[in-house]
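# Reading the structure
Listed below, chain by chain, are the residues.
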Amino acid sequence: MDILIFAETDDKGNFKKDAFEIASYAYQISSQTGGNVKAICFNSKIPEKLSDYGVKKIINSENDELKNFDAGIYSDCISDVFKSENCSMLVLSSSSNSKYIGGILSVKIDAGYVTNIISIPVKDNNLVVVRNTFTNKAFETVEITKSNSILAVSKNSFGLKENPTKTEISDFNFNISERRNKVSSIEKTSNKVTIADADIVVSGGRGLKGPENWYLIENLAEVLGAATACSKPVSDLGWRPHSEHVGQTGKPVSSNLYIAIGISGAIQHLAGVNSSKVKVVINTDPDAPFFKAADYGIVGDAFDVVPNLIDKLKEFKSVND
Ligand SMILES: Cc1cc2nc3c(=O)[nH]c(=O)nc-3n(C[C@H](O)[C@H](O)[C@H](O)COP(=O)(O)OP(=O)(O)OC[C@H]3O[C@@H](n4cnc5c(N)ncnc54)[C@H](O)[C@@H]3O)c2cc1C
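Described below are features of the structure shown in this document. In this numbering scheme, every chain counts its residues from 1 along its sequence in written order. Under the rules for a predicted model, residues below a pLDDT of 70 receive no local features and side-chain atom pairs below 80 are neither given nor counted, while totals for whole chains, interfaces and linings still include all residues.

## What about helix α1 (residues 17–33)?
Between the first and last C-alpha of α1 there are 25 Å, a value that for 17 residues agrees with the 24 Å anticipated at 1.5 Å per step. Three exposure classes are used, based on other C-beta atoms lying within 10 Å of a residue's own C-beta, which is placed from the backbone: buried for 20 or more, exposed for 12 or fewer, and partly exposed in between. Only DSSP runs of H or I with at least four residues qualify as helices, and only runs of E with at least two residues qualify as strands; both kinds are numbered from the N terminus onward. Counting buried residues in α1 gives 12 out of 17 residues, a clear majority hidden from the surface. Residues of α1 that are buried include every one of Asp18, Ala19, Phe20, Glu21, Ile22, Ala23, Ser24, Tyr25, Ala26, Tyr27, Ile29 and Ser30, and no others. Any pair of residues counts as being in contact when their C-beta atoms, constructed from backbone geometry, are within 7 Å of one another. Next to the buried residues of α1 lie β1 (2–6), β2 (37–42), β4 (87–93) and β9 (148–153). Among the residues trailing α1, Gly34 stands out with phi positive, at a value near 85°. Working rule for helices: expected span equals 1.5 Å times residues minus one.

Structure (structure tokens):
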């Protein structure tokens, strides 16, 4: 059984981190079931990078028509390659674009489609996988009853595992069908790291007292190369844009490191961040509920702790750069 992965690239043609994670994931499956891992990517500058993660064949299409995400065209291309390469499993990341095309692809290739997967599938009679559900408060075991499957892997649930291998790189000439609509240009409003792509997220709550103090969050985020986020009341108060609000009613965060500053840790906030790997909490109140969910906690005033942390990180970076 050959497995196809869809390795997403950014607008500069670099692979997103998820691409290596799903390659590692697919390699582990193939080492149990036999068969090869193949990848499809669009406009990758360094497709060979996937060979570090066990991908045997990379189909990279360099085509300006594929620069901007288009669910119809992308799913046409991926399903064509899936069929021509005789694959029976497609692995995606649980990014918003991949989740979007997953449903279309499940119809095109007649496959069972499961998102937010956190386990390697087990073959019983059918394929069985475990997924996160109810904003990560429960696990669900799902049986795929079709012979083809699409598995969208939850971010950071598997990690990167290098398996260097010899790779064949080929091009694929897609016959792009007529579009229903066309993106003519994209203008980014900010060059900051987005919450969805960030490895590290620095988040602030009402404990920061007002928007004038957000320099603490921004400075810490800058030194760590992190995205900034906030609790719901902070965006409701207009201290920060709604695009930064995380939690049950905001964006989900699955970063490797989540630093919560002046956030109490209400259940609705935790619902959106509890799939982050390491959670660090800075709060004056030792009884703040967030400490129960934290891996590391600092009981202290953000106005003392954060500037010290920034200084120490700068010092550390200057010694290690
Ligand atoms: C239906 C519903 C959906 C919701 N969805 C969301 C959601 O998606 N996301 C979300 O975030 N909330 C959500 N909420 C709101 C949630 O219940 C909490 O009210 C909210 O998360 C609290 O935000 P906060 O922790 O920033 O503020 P607070 O609860 O006011 O907590 C501030 C914290 O800062 C600490 N603090 C104060 N001063 C300092 C200092 N100098 N240094 C360090 N710490 C300090 C305090 O000890 C306190 O723990 C939702 C609520 C409902 C009812």
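## Observations regarding the pairing of strand β12 (residues 227–230)
Burial of the side chains of β12 extends over both faces: Ala227 and Ala229 are buried on one face and Thr228 and Cys230 on the other. A pair of strands is labelled paired if DSSP reports no fewer than 2 bridges between them. In this sheet, β12 lies alongside strand β11 (residues 200–204) in parallel orientation, the contact comprising 4 bridges. Within the sheet, the bridge partner assigned to Val201 lies in β12 and is Ala227. Handedness of the crossover joining β11 and β12 through helix α4 (residues 215–224): right-handed. Seen with its strands pointing away from the viewer, a crossover is right-handed if its path from the first strand over the helix to the second goes clockwise.

## Considering the site of the ligand
With respect to spatial proximity, 26 residues lie near the ligand, and among them Gly205, Gly207, Ser231, Lys232 and Gly247 are the closest. For the shell around the ligand, the secondary-structure elements that each account for two or more residues are α5 (232–236), α6 (267–273), β14 (278–283) and α8 (302–320). The residue classification treats Ala, Val, Leu, Ile, Met, Phe, Trp, Tyr, Cys and Pro as nonpolar and Asp, Glu, Lys and Arg as charged. All others, Gly included, are polar. Residue classes in the shell around the ligand are distributed as 8 nonpolar, 14 polar and 4 charged. Nearness rests on one distance test: the residue's C-beta atom, set from the backbone, must lie within 6 Å of the molecule or strand.

## What to know about the nonpolar core
Throughout this description, the term nonpolar core refers to a group of buried Ala, Val, Leu, Ile, Met, Phe, Trp, Tyr and Cys residues whose C-beta atoms join them within 7 Å. If you look at the biggest cluster of nonpolar residues, it comprises 48 residues, and the most contacted ones within it are Ile5, Ala23, Ala26, Ala39, Leu90 and Val91. Per element, the largest residue contribution to this core is 8 residues, and it comes from α1. Beyond its immediate sequence surroundings of up to four residues, Ala39 is in contact with Ile5, Ala7, Ala23, Leu50, Val55, Ile58 and Ile59. If you look at the next biggest cluster of nonpolar residues, it comprises 33 residues, including Val202, Ala221, Val253 and Ile263.

## Some remarks on helix α2 (residues 71–84)
With 14 residues, α2 should reach 20 Å at 1.5 Å per residue; the first-to-last C-alpha distance of 20 Å fits that figure. Among the residues making up α2, those that are buried are Ile73, Tyr74, Ser75, Cys77, Ile78, Ser79, Val81 and Phe82. In this structure, the buried side of α2 is in contact with β1, β2, β3 (57–61), β4 and α3 (96–108). Taken from the residues just after α2, Asn86 is the one with a positive phi, measuring 55°.

Keep in mind these numbers describe shape, not what the thing actually does.
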